[in-house]
Amino acid sequence: MYDIAVIGAGPAGLAAGLYAARAKLNVAIFEKLGEGGQLAITADIENYPGAQEGVTGAELAHRMKEQALHFGAKIVKDTINAVELAGKVKKITGAKERYEAKTVIIANGGKARPIGCPGEAELAGKGVSYCATCDANFFQDLEVFVIGGGDSALDEAMYLTKFARKVYIVHRRDEFRAAKSIQEKALKNPKIEVVWDSVVQEIKGDGVVESIVLKNVKTGEIKEHPASEDDGTFGIFPFIGFDPVSEIYKGQVTMDGSGYIVADENMKTNLPGVFAAGDIRVKALRQVVTAAADGAIAAVMAEKYIEHGE
């Protein structure tokens, strides 16, 4: 029986684990892969207060994990497939075993949203990648296409210029949604070329990506960009947004129409003893700093719930 079960080891989950462990609570942080969540696949961290210049997301995530472990938090590697949150004892079913806890902090975060075009699923991992930090080195001196126009898309495009010889940014509008400072850096980069007002119609290839078909949303013009004969392939990196990883909580906690969990400023959901923190909850800003703040608040409120039942 854990005092607090934290589901997810991104910045929100790790901060929650740190605060709970420092309060001498028996806390487990459940994670199916590695720590960090989206933070772990972020190339450079420039806007987290106090972060050293040049620190990567993976490095910052590792430090967060080590802090939590230092104070006594447990990291449990398991895939959580089902939960029963309504009762006083929260029941959690993993692929390996079942767990129980007095409180639960939901911190699963989000996952990359697919383009949804023909050929994407078939060529995932064969030229289509959702993690530039993970796969950029496979495209050394090749062309790559980044799909999207927000902060993540431009950040990843700039990271990819360290490896690729040419980076095309395909955006459905005629202006970016990213922060102005990020836009300025991207537009000044000589390796980056922007394809405005365009969407991906299809990705083609036999075993690997061989061409991408783009449609101009204003003119209706369709263009196919094949890989050069010398290259034979190129990379496609969709960064068009994230969807909350909230499927297992449906029907139990209140969500909005997009599947984000509704929680108040104290991270409380509609269920007593159940809290939500980080990118999975309804909020105005999804950043490392806000996720960590959510996790800290959730842990303190979970501690109060355990002590006072409120």
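Q: How should the pairing of strand β2 (residues 27-31) be read in this particular structure?
A: Regular strands have side chains that alternate between both faces of the sheet. Burial analysis of β2 places 5 of its 5 residues in the buried class, which makes it a mostly covered element. Of the two faces of β2, the one lined by V27, I29 and E31 and the one lined by A28 and F30 are each fully buried. Across 4 bridges, the pairing between strand β1 (residues 2-7) and β2 is parallel. Across the sheet, I4 pairs through a bridge with V27, a residue of β2. Handedness of the β-α-β unit built from β1, helix α1 (residues 11-22) and β2 comes out right-handed. Pairing analysis gives 4 bridges linking β2 to strand β3 (residues 74-77), with the strands arranged parallel. Following the sheet pairing, F30 is matched in β3 by V76.

Q: Before we go on, may I ask you to explain helix α4 (residues 151-160) in this structure?
A: An α-helix turns once every 3.6 residues. As a result, residues three or four positions apart point the same way. With 7 of 10 residues buried, α4 lies mostly within the body of the structure. In this structure, the buried side of α4 is in contact with α3 (132-135), β8 (143-147), β9 (166-170), α5 (180-188), β10 (192-195) and β14 (235-238).

Q: I would appreciate a short explanation of the sheet that holds β10 in the present structure.
A: What holds strands together in a sheet is hydrogen bonding between their backbones, with the strands either parallel or antiparallel. Across the sheet, which stays open at both edges, the 4 strands sit in the order β10-β9-β8-β14 with parallel pairing between neighbours. The sheet terminates laterally at β10 and β14, the two strands that pair on one side only. Mean inter-strand twist for the sheet, computed between neighbouring axes without regard to direction, equals 20°. As paired elements, β9 and β10 share 4 bridges and run parallel to each other. Bridge assignment links I169 to a residue of β10, and that residue is V194. Taken strand by strand, α4 contacts β8, β9, β10 and β14, and its axis lies near 170° from that of β8.

Q: Any chance you could explain the packing of α1 against helix α6 (residues 288-308) here in plain terms?
A: Two quantities define a packed helix pair, namely the angle between the helix axes and the distance between the axes. Contact pair α1 / α6: the axes reach a minimum separation of 7 Å and the direction vectors enclose 35°. Our pair here, α1 against α6, has a crossing hand that is right-handed. For the pair formed by α1 and α6, the contact residues are P11, A12, A15, A16, Y19 and A20 on the first element and V288, A291, A292, G295, A296, A299 and V300 on the second. Residue composition of the contact of α1 with α6, by class: 12 nonpolar, 1 polar and no charged.

Q: Looking at this model, I keep getting lost on the packing of α4 against α5. Mind explaining?
A: Here α4 crosses α5 at 35°, and the two axes come no closer than 10 Å. In this structure, α4 meets α5 at a crossing whose hand is left-handed. Facing α4, whose interface residues are D151, L154, D155 and M158, α5 presents I182, Q183, K185 and A186. A class-by-class count of the residues in the contact of α4 with α5 yields 4 nonpolar, 1 polar and 3 charged.

Q: Teacher, can you tell me more about the sheet that holds strand β11 (residues 198-204) here?
A: With antiparallel pairing, the 3 strands of this open sheet are ordered in space as β11-β12-β13. The open sheet has two edge strands, β11 and β13 (222-226), and neither has a second partner. Between one strand and the next, the sheet's axes are offset by a mean angle of 25°, whatever the strand orientation. For β11 and strand β12 (residues 211-216), the ladder comprises 6 bridges, and the chain directions are antiparallel. Pairing of E202 across the sheet is with V213, part of β12.

Conventions and cut-offs
Residues numbered from 1 in each chain as written. Predicted model: local features only at pLDDT ≥ 70, side-chain atom pairs only at ≥ 80, totals over all residues. Heavy atoms only, no water. Buried < 20%, exposed > 50% of the residue type's maximum accessible area, 1.4 Å probe, protein only. Helix = DSSP H or I, 4+ residues; strand = E, 2+ residues; numbered from the N terminus. Pairing = 2+ DSSP bridges. Right-handed = clockwise from strand over helix to strand, strands pointing away. Contact = heavy atoms within 4.5 Å. Axes fitted to C-alpha atoms, helices over the stretch in contact; angles between N-to-C directions. Left-handed = near helix turned anticlockwise from the far one by under 90°. Nonpolar A, V, L, I, M, F, W, Y, C, P; charged D, E, K, R; others polar.

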